[in-house]
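# What the coordinates show
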Amino acid sequence: MLLSGIFIAGGARALANPERLVPQAKPITDRVGPLLGRVDPRLPTDTSALVRVNGATQLLGGLLLATGHLTRPAAAVLAGSLVPTTLAAHSFWNEAAAPDRRLHQTQFLKNLGLLGGLLLAAADTEGKPGLRWRAEHAADRTQRSVRRTQRSVRRMARTARREAKLAAVSATTARRLPG
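In this report, the structure presented in the accompanying data block is examined. (Residues numbered from 1 in each chain as written. Predicted model: local features only at pLDDT ≥ 70, side-chain atom pairs only at ≥ 80, totals over all residues. Heavy atoms only, no water.)

## Brief notes about the overall build of the protein chain
Threshold: In this text, helices come from DSSP runs of H or I with a minimum length of four residues, and strands from runs of E with a minimum of two, each type numbered from the N-terminal end. Buried, partly exposed and exposed residues are distinguished by accessible area as a fraction of the type maximum, computed with a 1.4 Å probe on protein chains only: under 20%, between the cut-offs, and over 50%, respectively. Two residues form a contact once any of their heavy atoms are found within 4.5 Å.
Counting its secondary structure elements, the protein chain contains six helices and zero strands. For the protein chain, the succession of helices and strands along the chain, N to C, is α-α-α-α-α-α. Counting only C-alpha atoms, the protein chain reaches 115 × 40 × 30 Å along its principal axes. By the burial criterion, 23% of the 179 residues in the protein chain qualify as buried. Relative to all contacts within the protein chain whose residues are 6 or more apart in sequence, the contacts with residues 24 or more apart total 62%.

See below:
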């Protein structure tokens, strides 16, 4: 829940006033817009619309994360939306002045920390076994079951051999007895 607050607030601000973020976002959207246009011509490609879409994504993802609904997909979507936001807003390597560079570097590193938290939230299974664990343990159970079956088959074969020997001895003994 604590992780979601910054996305709810930032997403709401971006939806309410996307124009203030357009200058920062333009270098990123100028690269992404044409790619989106090739994927589907109906997708928005202008900077203002993409800022709104990103804001809506962050607002909705933050709300889902805060309320505990679809937390893993919400965290993954927020992680994906955080990358272009961070690159657009905190490209400290482009700053000439040292104070601005330090400020943007701090914000960039903060966003990396948020990204790490989101990736953990996206991978969190809430104490339930994940797919990898389930697959590995299913394979282990199958191998144990095969070994038990093999032991059982060997025991049955030994028992069958013993019974065959006893039957042969009984048949030989029965032939020798006068009768």
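## Regarding the side chain of Thr-71
Tracing the chain through its elements places Thr-71 in helix α4 (residues 71-89). What Thr-71 contacts, discounting residues up to four positions off in sequence, is Leu-64, Leu-65 and Glu-126.

## Regarding the nonpolar core
Within soluble globular proteins, side chains that are nonpolar tend to cluster in buried spots. Put simply, the test is: Throughout, nonpolar core names a set of buried Ala, Val, Leu, Ile, Met, Phe, Trp, Tyr and Cys residues whose side chains join them through atoms within 4.5 Å.
Counting residues in each nonpolar core, the largest one holds ten residues, listed as Phe-7, Leu-65, Ala-75, Leu-78, Ala-79, Leu-82, Leu-114, Leu-115, Leu-118 and Ala-122. Contributing elements (two or more residues each) for this core: α4 and α5 (98-123). Once residues within four sequence positions are removed from consideration, Ala-79 is found in contact with Leu-115, Leu-118 and Leu-119.

## Section: α4
Owing to its 3.6 residues per turn, the α-helix aligns residues three or four sequence positions apart on the same side. Using the following cut-off: A helix is expected to reach a length of 1.5 Å times the quantity of its residues less one.
Its 19 residues give α4 an end-to-end C-alpha distance of 26 Å, which sits within 8% of 27 Å, the value for a rise of 1.5 Å per residue. By the burial criterion, the buried members of α4 are Thr-71, Ala-74, Ala-75, Leu-78, Ala-79, Ser-81, Leu-82, Thr-86, Ala-88 and Ala-89.

## Thoughts on the side chain of Ser-48
Looking at where Ser-48 falls in the secondary structure, it is placed in helix α3 (residues 47-67). On the basis of relative accessible area, Ser-48 is assigned to the buried category, the value being 11%.

## Thoughts on the environment of Thr-172
To keep it simple, the criterion reads: Distance and chemistry together define a polar contact, namely a pair of N or O atoms within 3.5 Å, with one atom able to donate a hydrogen and the other to accept it when in protein, and with adjacent residues in sequence counting only for side-chain atoms on both sides.
Residue position: Thr-172 is located in helix α6 (residues 131-176). Thr-172 sits in the partly exposed class, given a relative accessible area of 29%. Within the local environment of Thr-172, its side chain forms a polar contact with the backbone oxygen of Ala-168, the two atoms lying 2.8 Å apart.

## As for the packing of helix α1 (residues 5-16) against α3
Note the cut-off: Each axis is a line fitted through C-alpha atoms, and for a helix only the stretch in contact is used; angles between axes span 0 to 180 degrees, taken between their N-to-C directions. Should an angle lie under 35 degrees it is considered roughly parallel, over 145 roughly antiparallel, and from 65 to 115 roughly perpendicular; all remaining angles are considered oblique. Helix crossings are classified by the rotation of the near helix relative to the far one: an anticlockwise turn of less than a right angle makes the crossing left-handed, while a clockwise turn makes it right-handed. Asp, Glu, Lys and Arg are counted as charged, while Ala, Val, Leu, Ile, Met, Phe, Trp, Tyr, Cys and Pro are counted as nonpolar; the rest, among them Gly, fall into the polar class.
Between α1 and α3, the least distance of the axes is 7 Å, while the angle of their chain directions is 150°. Classified by the angle their axes make, α1 and α3 are roughly antiparallel. Here the hand of the crossing between α1 and α3 comes out left-handed. For the pair α1 and α3, contact is made by Phe-7, Ile-8, Gly-11, Ala-12, Ala-14 and Leu-15 and by Val-51, Arg-52, Gly-55, Ala-56, Gln-58, Leu-59, Gly-62, Leu-63 and Ala-66, respectively. Among the residues making up the contact of α1 with α3, the classes are represented as ten nonpolar, four polar and one charged.

## Comments concerning a nonpolar patch on the surface
Going by this rule: For patch detection, residues must exceed 30% relative accessible area and be free of salt bridges, and they are connected within 9 Å for like charges or within 5 Å for nonpolar side chains (Val, Leu, Ile, Met, Phe, Trp, Tyr). Using a 1.4 Å probe, the Shrake-Rupley method yields the accessible areas, and only the shown protein chains count as cover for residues. Counted as salt bridges are all cases of a side-chain nitrogen of Lys or Arg within 4 Å of a carboxyl oxygen of Asp or Glu.
Together, Val-83, Leu-87 and Trp-93 line one region of the surface with nonpolar side chains, adding up to about 270 Å² of accessible area. Relative to the helices and strands, Leu-87 resides in helix α4.

## Thoughts on the pattern of salt bridges
By the definition in use, this model includes two salt bridges. In this structure, Asp-30 and Lys-26 form a salt bridge, with 3.2 Å as the shortest nitrogen-oxygen distance. Of this pair, Asp-30 and Lys-26 are both found in helix α2 (residues 22-39), four residues apart, which corresponds to roughly one turn of the helix. Of the residues examined, Asp-30 reaches a relative accessible area of 42% and is grouped as partly exposed.

Functional significance is not addressed by these values, which are geometric in nature.
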